[in-house]
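Below, each chain spelled out in residue letters.
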Amino acid sequence: FGLSERRLREAKKTLALEATWTGDGLVLAALYEQPKGMAPSAIIEFIDWVDHSRWSDAELATRLENLRGAGAVIEREGRWHLARPWP
C-alpha cells in the first residue's frame, strides 16, 4: 500500500492515542442506546469490560454528578440516562 513499516507503526501509535476513552466518554458510551437507563453497578461493569479498569462506587458517583451538572445525564428511579443525544 506504499507505507513503510516505520510509517505504519507511527500511524498505529497516533490512532491508538486518538481512540483512548475519557472517563466521561466511558460513562456516556455505557448509557448510549439504553432507553431504560442503567443502574450504577451496570455502568461499572460496562467500564470494566471496555476499559479493563474497575471503578469504585465513589468514582462513578463523582463522574455522574459532574455529568449531571453539565446537563449530559439525568437520574430517574435509581437509573441513569442520557439527557441529550450522544455522540
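Here, the structure is the one placed above.
## A word on helix H3 (residues 40–51)
In step 1: Taking 1.5 Å of rise per residue, the twelve residues of H3 would be expected to cover 16 Å, and the 16 Å separating its terminal C-alpha atoms lies within 8% of that figure.
In step 2: Those residues of H3 lying buried are Ile43, Ile44 and Ile47. The buried residues of H3 occupy an angular sector of 100° when the element is viewed end-on, so they sit on one face. Among the exposed residues of H3, those oriented more than 90 degrees off its buried face are Ser41 and Trp49.

## Regarding the pairing of strand S1 (residues 73–76)
In step 1: The sheet contact formed by S1 and strand S2 (residues 79–82) spans four bridges and is antiparallel. Bridge pairing in S2 links Glu75 to Trp80.
In step 2: With antiparallel pairing between neighbouring strands as the criterion, S1 and S2 make up a hairpin whose turn holds two residues, including Glu77 at a positive phi of roughly 55°.

About the criteria used
Residues numbered from 1 in each chain as written. Predicted model: local features only at pLDDT ≥ 70, side-chain atom pairs only at ≥ 80, totals over all residues. Heavy atoms only, no water. Helix = DSSP H or I, 4+ residues; strand = E, 2+ residues; numbered from the N terminus. Expected span 1.5 Å × (residues − 1). Buried < 20%, exposed > 50% of the residue type's maximum accessible area, 1.4 Å probe, protein only. Arc of directions from axis to C-beta. Pairing = 2+ DSSP bridges.

Purely geometric stuff here, so don't read any function into it on its own.
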